[in-house]
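Each chain is listed here by its residues.
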Amino acid sequence: MFKYLLILAIGVAIGYGYGWKDAQEHEKNVAERVVDRIGGETRERMGNDVDKRYQAADGK
């Protein structure tokens, strides 16, 4: 049991240190940057503005 708690404590310490360093360097957090990177090219096609979609379909 002690071994698992030690591994958990070490993991939390490393993760906290990484997160602190990352937060000092970037304005957005890691999750926001990953979402921006993944959905970069298709972000505009995946919008949920219904009025804008119908206007684009009607050609107005």
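Look above for the structure.
Residues numbered from 1 in each chain as written. Predicted model: local features only at pLDDT ≥ 70, side-chain atom pairs only at ≥ 80, totals over all residues. Heavy atoms only, no water.

A few points about the side chain of Asp 22
Under the convention used in this document: In this text, helices come from DSSP runs of H or I with a minimum length of four residues, and strands from runs of E with a minimum of two, each type numbered from the N-terminal end. With a 1.4 Å probe rolled over the protein chains alone, any residue whose accessible area is under 20% of its type maximum counts as buried; one over 50% counts as exposed, and the rest are partly exposed. Identification of polar contacts relies on pairs of N or O atoms within 3.5 Å, with a donor-acceptor requirement for protein atoms, meaning one able to donate a hydrogen and the other able to accept it, and with residues adjacent in sequence counted only if both atoms are side-chain atoms. Throughout, a residue-residue contact means that at least one pair of heavy atoms, one from each residue, lies within 4.5 Å.
Topologically, Asp 22 is positioned in helix 1 (residues 2-25). Owing to a relative accessible area of 8%, Asp 22 belongs among the buried residues under this scheme. Within the structure, Asp 22 has its side chain in polar contact with the side chain of Arg 33 (distance 2.8 Å). Those residues in contact with Asp 22, other than ones at most four positions away along the chain, are Val 30 and Arg 33.

Here we look at helix 1
An α-helix turns once per 3.6 residues; consequently, residues spaced three or four apart project the same way. Put simply, the rule reads: The span one expects for a helix is its residue count, reduced by one, times 1.5 Å.
Here helix 1 spans 35 Å end to end across 24 residues, near enough to the 34 Å set by a 1.5 Å rise per residue. For helix 1, a buried count of one out of 24 residues is recorded, marking the element as mostly open to its surroundings.

Some words on the pattern of salt bridges
Convention followed: Any Lys or Arg side-chain nitrogen found within 4 Å of a carboxyl oxygen on Asp or Glu counts as a salt bridge.
Taken as a whole and judged by the stated rule, the model has one salt bridge. Between Arg 33 and Asp 22 there is a salt bridge, and its shortest N-O distance comes to 2.8 Å. Highlighted residues: Arg 33 in helix 2 (residues 30-38) and Asp 22 in helix 1, separated in sequence by eleven residues. Owing to a relative accessible area of 21%, Arg 33 belongs among the partly exposed residues under this scheme.

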